[in-house]
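# Notes for the structure review
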Amino acid sequence: MSILDYAIILGFALVILGVTLAAIRLVRGPTLADRIVALDAMTVQLVSFGGLAALQAANAGFLDVAVVLALVGFLATVCLARYLERRILLAAEDLT
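In this numbering scheme, every chain counts its residues from 1 along its sequence in written order. This being a predicted model, a pLDDT of at least 70 is required before a residue's local features are given, and a value of 80 or more before pairs of side-chain atoms are given or counted; all residues contribute to the totals for chains, interfaces and linings. To get the side-chain values, all heavy atoms of the structure are used, and hydrogens and water are removed first.

### Comments concerning the overall build of the protein
Summing up its helical and strand segments, the protein has three helices and zero strands in all. In DSSP terms, a helix is any run of H or I states spanning at least four residues, a strand is any run of E spanning at least two, and both are numbered starting from the N terminus. If you list the helices and strands of the protein from N to C, you get α-α-α. For a compact globule the rule gives 2.2 Å times the number of residues to the power 0.38, and the radius of gyration it is set against comes from C-alpha atoms. In terms of overall size, the protein is more extended than a compact globule, its C-alpha atoms giving a radius of gyration of 17 Å where 96 residues would be expected to give roughly 12 Å. Based on the C-alpha atoms only, the size of the protein along its principal axes is roughly 65 × 25 × 15 Å. Relative accessibility decides the category of a residue: with a 1.4 Å probe and only protein chains considered, values under 20% of the type maximum give buried, values over 50% give exposed, and everything between is partly exposed. Across the 96 residues that make up the protein, the buried fraction comes to 20%. Should any heavy atoms of two residues lie within 4.5 Å, those residues are considered in contact. Long-range pairs, those at least 24 residues apart, make up 52% of the contacts in the protein with a sequence separation of at least 6. Side chains of the protein give 6 positive and 7 negative charges; the mean places of these two sets differ by 9 Å. Charge convention: Lys and Arg are scored as positive, Asp and Glu as negative, and His as well as the terminal groups of each chain are ignored. To locate a charge, the coordinates of NZ of Lys, CZ of Arg, CG of Asp or CD of Glu are taken.

### Some words on the side chain of Thr43
Relative to the helices and strands, Thr43 resides in helix α2 (residues 32–57). Filtering out sequence-adjacent residues up to four positions away, Thr43 remains in contact with Leu69 and Gly73.

### Quick look at unusual backbone geometry
One non-glycine residue, Ala58, lies in positive phi territory at about 55°. Tracing the chain through its elements places Ala58 in the loop between α2 and α3 (61–95). Judged by its relative accessible area of 72%, Ala58 falls in the exposed class.

### Things to note about the packing of helix α1 (residues 3–28) against α2
Note on definitions: angles span 0 to 180 degrees between N-to-C directions of axes, and those axes are lines fitted to C-alpha atoms, for helices only across the stretch in contact. At a minimum axis separation of 9 Å, α1 and α2 run at an interaxial angle of 160°. Put simply, α1 runs roughly antiparallel to α2. At the point where α1 passes α2, the crossing takes the left-handed sense. Basically, the charged four are Asp, Glu, Lys and Arg, the nonpolar ten are Ala, Val, Leu, Ile, Met, Phe, Trp, Tyr, Cys and Pro, and anything else, Gly included, counts as polar. Residues that form the contact of α1 with α2 fall into these classes: 18 nonpolar, five polar and four charged. Any angle that falls under 35 degrees is termed roughly parallel, while one over 145 is termed roughly antiparallel, one within 65 to 115 roughly perpendicular, and all others oblique. In a left-handed crossing the near helix is turned counterclockwise from the far helix by less than a right angle, and in a right-handed crossing that turn is clockwise.

### Details of a nonpolar patch on the surface
Each patch is assembled from residues with relative accessible area greater than 30% and no salt bridge, linking like charges that lie within 9 Å and nonpolar side chains (Val, Leu, Ile, Met, Phe, Trp, Tyr) that lie within 5 Å. Note that accessible areas follow from Shrake-Rupley with a 1.4 Å probe, and for residues the cover is restricted to the protein chains shown. Should a side-chain nitrogen of Lys or Arg be within 4 Å of a carboxyl oxygen of Asp or Glu, the pair is scored as a salt bridge. Together, Leu10, Leu14, Leu17, Leu21 and Ile24 line one region of the surface with nonpolar side chains, adding up to about 480 Å² of accessible area. Note that Ile24 resides in helix α1.

As structure tokens, this is what we get:
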């Protein structure tokens, strides 16, 4: 095994650890904003998982999946942030 193979295995382990920790924050996170950030972090880590899979398999097909996942993750984060902003504005209007 080359040093690249060891680096890829280490990268997979760290990505799995990061996804696990972000999933815990997604479930436990006290506020909706914490949950949105955890979901975005999970998306970024899954994109890096796709990049690592492309390196390991020497197949660029995984990169297409990673790009699509990155775009979907970005759109989901923007939509959830807009929802959170509207929710805060509606709560402020109810107080007046």
